[in-house]
Amino acid sequence: MAVFGALAAALDVVGLTAPDVLLTAMGFTAQRGSRRTEGDHTLVFVTASSMAAVNMGVYYVLAALSDWKAFFRWTVPFRLLTCTVFTLAVIGGRAPSGFLGVGLWEGLGALLTGAALRYEAQRTPAADGADA
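Presented here is a report on the structure given in the accompanying data block. Bear in mind the structure is a predicted one, so any value in this text is a computation, not a measurement. (Residues numbered from 1 in each chain as written. Predicted model: local features only at pLDDT ≥ 70, side-chain atom pairs only at ≥ 80, totals over all residues. Heavy atoms only, no water.)

Structural notes on the side chain of S50
Here is the rule we go by: Helix and strand assignments follow DSSP, with helices taken as H or I runs no shorter than four residues and strands as E runs no shorter than two, numbered in order from the N terminus. By the convention used here, residues are in contact when the closest approach between their heavy atoms is within 4.5 Å.
Structurally, S50 can be placed in helix α3 (residues 42-65). If we skip the residues at most four places from it in the chain, S50 touches D12, G15, L16 and L22.

Next comes the structure, spelled out in structure tokens:
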């Protein structure tokens, strides 16, 4: 999970420093500098979501370092929900097909996290709720 957190934080530093690069990677048409129209708040949204994602990445790293399994259990259903919402946004035409990668990243991450937690629980006896 620390690797996921570090990757999330690093990727979204790109969103903070070069938002058009991040938009292009997700399949959005980036409007550079002066081509943006009055009232276009795309960069504000990318900045806000990138900062939130950097924080989330740091939370994952800290949770991994403290072996906080409850945190990881909580992320599984919410990351599956995120996968569903982002996938439906692409299917419904609200987002370009490149955005599907973000949904798949979340869905795959949720499944891998759930599998890792299950594997660890099967090979390690319960610790009287010490990780909850």
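Having seen the model, we can carry on.
A word on the packing of aromatic side chains
As a reminder of what qualifies: Note on ring pairs: Phe, Tyr and Trp rings are taken, using the six-membered ring of Trp, and paired if centres are within 6.5 Å. Classes follow the plane angle, with under 30 degrees stacked, over 60 edge-to-face and the rest tilted. Only protein chains enter the accessibility calculation, which uses a 1.4 Å probe; a residue whose area is less than 20% of its type maximum is buried, one above 50% is exposed, and one in between is partly exposed.
Following the criterion strictly, the structure yields seven aromatic pairs and no others. On the numbers, 5.9 Å between centres and 50 degrees between planes, the contact of Y60 with F72 is tilted. Separated by twelve residues along the polypeptide, Y60 in helix α3 and F72 in helix α4 (residues 69-91) bring together distant segments of the chain. There is no split in this pair, since Y60 and F72 are both buried. When the ring of W68 is compared with that of W74, the centres are 5.6 Å apart and the planes differ by 80 degrees; the resulting orientation is edge-to-face.

Brief notes about unusual backbone geometry
Despite not being glycine, D67 shows a phi value in the positive range, around 55 degrees. Secondary-structure assignment places D67 in the loop between α3 and α4. Looking at D67, the relative accessible area reads 47%, which means it is partly exposed.

Quick word on α3
Selection rule: Each helix should span, by expectation, one fewer than its residue count multiplied by 1.5 Å.
Here α3 spans 34 Å end to end across 24 residues, near enough to the 34 Å set by a 1.5 Å rise per residue. Within α3 the residues assigned to the buried category are V46, S50, A53, V54, G57, Y60 and A63. In the core, the buried residues of α3 are packed alongside α1 (2-17), α2 (19-25) and α4.

It is worth stressing that arrangement in space is one thing and function is another; only the former is reported here.
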